[in-house]
Amino acid sequence: MIAEKMKGMVANSSAIRAMFEEGNRLAKIYGRENVYDFSLGNPNVAAPAAVKKAIIELLEEEDPVVLHGYSSNSGYEEVKQAVADSLNERFGTSFAAKNIIMTVGAAGGLNVILKTLLNPGDEVIVFAPYFGEYRSYTNNYDGVLVEISPNTETFQPKLDEFEQKITAKTKAVIVNTPNNPTGVVYSEDTIKKLAAIMEVKQKEFGTDIYLISDEPYRELAYDGVEVPYLTKYYANTVVGYSYSKSLSLPGERIGYLVIPDEVADSKDVIAAAIVANRILGFVNAPTLQQKMVAKCLNEKTDISYYDRNRETLYNGLKECGFNCIKPEGAFYLFVKSPFENEKQFCEMAKKYNLLIVPGSSFGCPGYVRLAYCVAYEIIVNSLPKFKELAEEIGVI
Ligand SMILES: Cc1ncc(COP(=O)(O)O)c(C=O)c1O
C-alpha cells in the first residue's frame with residue numbers, strides 16, 4: 001500500500017504531463033506534424049555548440065575516474081567559484097564559492113532550500129498564477145502553501161493581499177520572474193515594494209522571512225527588458241537558478257542555489273542546504289554537467305527563435321479574437337479562456353489537435369497556458385486551427 005500522502009499526489013498528478021502523453025497518442029494517429037502541442041516547457045532550440053565542445057573536451061582531457069566520481073555535496077570548488085565570479089561581474093554582487101551550491105536543476109534546488117527552511121506547518125507564499133510544482137515541493141516538507149490571488153490586469157503580484165496574508169508562520173515567499181505561466185517580468189518597482197513589505201513584516205513578527213527567487217527563465221527576456229537581481233533589494237534572498245532553459249539542457253539536471261552571507265543565519269542555512277542536497281538523495285549535482293557549465297558561463301541560447309514564435313503566436317491569437325497579455329520573457333503565453341470553465345476550452349481545443357494547459361494547474365482558472373518553445377512551423381500551422389476554434393466558440 002502506498003503512503004497516504006502519495007495517494008493525493010497521484011490523484012492530482014500533473015495535468016501538464018497528462019497533456020504531454022495525450023500529444024504522443026494523437027501524434028501516433030495523425031502524425032507529429034499535425035499535432036499542435038503547446039503543453040510542455042521543453043526547449044526546442046538546440047543547446048549552444050559550445051556545450052558539446054566543452055563536454056567532448058572534458059571527456060578527452062580529464063581523468064575519467066575523477067570526472068565521473070562524486071564531487072563534494074555542494075559541488076566542485078572551482079565550478080562554484082566560476083559561477084560566483086560570473087554573477088559578481090554581471091550583477092555587481094560579492095558572492096564567494098561558499099555561497100553557491102550546485103543542484104539538480106531548479107527543481108532540485110527548490111526542494112533543497114525548502115527542506116532546509118521548513119518546519120511542519122510553516123507557510124510558503126506564492127503569487128498566482130504560479131508553477132504548480134511549488135505546491136508539491138512545499139507539501140514534501142509538510143509546509144502549507146498560501147496563494148495570493150492573481151491580478152489579471154497586469155499579472156504583477158497583488159501586494160495589498162500579500163501584506164495581509166503574511167503571518168508569524170510565513171517562512172518563505174517564492175517569486176518566479178520571468179514568470180511561468182504568464183511570461184510577465186516583475187518590475188523593479190514591484191520588487192522594491194514587495195521587499196519593503198517583507199522587511200516590515202519581519203520586524204513586526206520578529207521572524208525571518210526568506211525570499212526564494214526561482215529563476216530558470218532569467219536569460220529569456222525580450223525587447224531588452226531588465227530582470228532585477230533580487231539579492232540587491234532584500235537581504236534575506238536565496239536564488240535558485242537552472243540551465244534547463246538558458247542552455248536548453250532540461251534533461252541534464254543542472255543548476256545552482258545562491259545563499260548570500262546577508263541571509264539570516266547564512267552559515268547554518270548553507271550547511272543545512274548542503275546536507276539537504278545529500279540526504280534528499282541528489283548527493284551532488286551531475287559532475288560532468290558541473291564542469292561543462294563552468295566552461296559555458298557566457299553562452300546563450302538563441303532567444304531570437306522564441307521571440308519570433310512569441311510575436312507570431314501573440315499576433316495570430318489576437319487576430320482570432322483571443323485575449324492575452326504579451327509576454328516579456330520565458331516562452332509561455334497566458335490566454336483568457338472565452339468561457340469560465342477553461343478545462344472545457346482545453347477539451348474543445350483538443351478536437352483541433354491543439355494541446356493547451358488549463359490555468360487551474362497554475363492556481364488561475366479561467367485562463368490557459370501555451371508553451372511556444374515549439375517549431376515555428378507548428379505555430380504557423382496552428383493558427384488556422386485556432387481560427388476554426390474561435391469561430392466555433394464565436395469569439396470572432
Ligand atoms: C518556474 C519553474 N521553476 C522550476 C522549474 C524546474 O526546472 P528544472 O528543469 O531546472 O528543474 C521549471 C520547469 O519548467 C519552472 O518552469
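Refer to the structure above for everything that follows.
Residues numbered from 1 in each chain as written. Predicted model: local features only at pLDDT ≥ 70, side-chain atom pairs only at ≥ 80, totals over all residues. Heavy atoms only, no water.

Draft legend 1. Structural context of the packing of helix 12 (residues 303-320) against helix 14 (residues 376-393). Running from N to C, helix 12 and helix 14 cross one another at 10°; their axes reach a closest spacing of 10 Å. When the axes of helix 12 and helix 14 are compared, the pair comes out roughly parallel. When you trace helix 12 past helix 14, the crossing you get is right-handed. For the pair helix 12 and helix 14, the contacting residues are Tyr 305, Arg 308, Asn 309, Thr 312, Leu 313, Gly 316, Leu 317 and Cys 320 in the first and Tyr 376, Ile 379, Leu 383, Phe 386, Lys 387 and Ala 390 in the second. Residues that form the contact of helix 12 with helix 14 fall into these classes: 9 nonpolar, 3 polar and 2 charged. (Axes fitted to C-alpha atoms, helices over the stretch in contact; angles between N-to-C directions. Helix = DSSP H or I, 4+ residues; strand = E, 2+ residues; numbered from the N terminus. Parallel < 35°, antiparallel > 145°, perpendicular 65-115°, else oblique. Left-handed = near helix turned anticlockwise from the far one by under 90°. Contact = heavy atoms within 4.5 Å. Nonpolar A, V, L, I, M, F, W, Y, C, P; charged D, E, K, R; others polar.)

Draft legend 2. Seen up close, the sheet that holds strand 12 (residues 367-371). Judged by pairing direction, the sheet is antiparallel, and its 3 strands sit side by side in the order 9-12-11 without closing on themselves. The open sheet is flanked by strand 9 (332-336) and strand 11 (357-358), the only strands paired with a single partner. Examined bridge by bridge, strand 9 and strand 12 share 5 bridges and lie antiparallel to one another. Directly across from Phe 334, in strand 12, lies its bridge partner Arg 369. (Pairing = 2+ DSSP bridges.)

Draft legend 3. The layout of surface pockets, seen in detail. Within this model, the second largest pocket holds a volume of roughly 320 Å³. As for the second largest pocket, its lining consists of 17 residues, of which Arg 90, Phe 91, Arg 218, Glu 219 and Val 227 are closest to the centre. A per-class count over the lining of the second largest pocket returns 8 nonpolar, 2 polar and 7 charged. (1 Å grid on protein atoms, 1.4 Å probe; cavity = no way out; pocket = protein on both sides within 12 Å on 5 of 7 lines; lining within 4 Å. Points joined across faces, edges and corners; volume = space filled by probe spheres on them.)

Draft legend 4. Layout of the pairing of strand 3 (residues 123-127). Within strand 3, 5 of the 5 residues are buried, which leaves the element mostly enclosed by the surrounding structure. Here strand 3 runs beside strand 4 (residues 144-148); their pairing, made up of 5 bridges, is parallel. The partner of Val 126 across the bridge, within strand 4, is Glu 147. Of the crossover connections in this fold, the one passing from strand 3 over helix 7 (residues 133-140) to the parallel strand 4 is right-handed. Pairing of strand 3 with strand 5 (residues 170-175) involves 4 bridges; the strand directions are parallel. The residue bridging Val 126 from the neighbouring strand is Ile 174, located in strand 5. (Buried < 20%, exposed > 50% of the residue type's maximum accessible area, 1.4 Å probe, protein only. Right-handed = clockwise from strand over helix to strand, strands pointing away.)

Draft legend 5. Structural context of the environment of Thr 301. Looking at the element boundaries, Thr 301 is found in the loop between helix 11 (287-295) and helix 12. Since its relative accessible area comes to 8%, Thr 301 is described here as buried. Once the C-alpha coordinates of Thr 301 and Pro 43 are considered, the two residues, 258 residues apart in sequence, prove to be 9.8 Å apart. Excluding anything up to four places from it in sequence, Thr 301 contacts Val 45, Ala 46, Pro 48, Leu 220, Lys 245, Ser 246, Ser 248 and Tyr 306.

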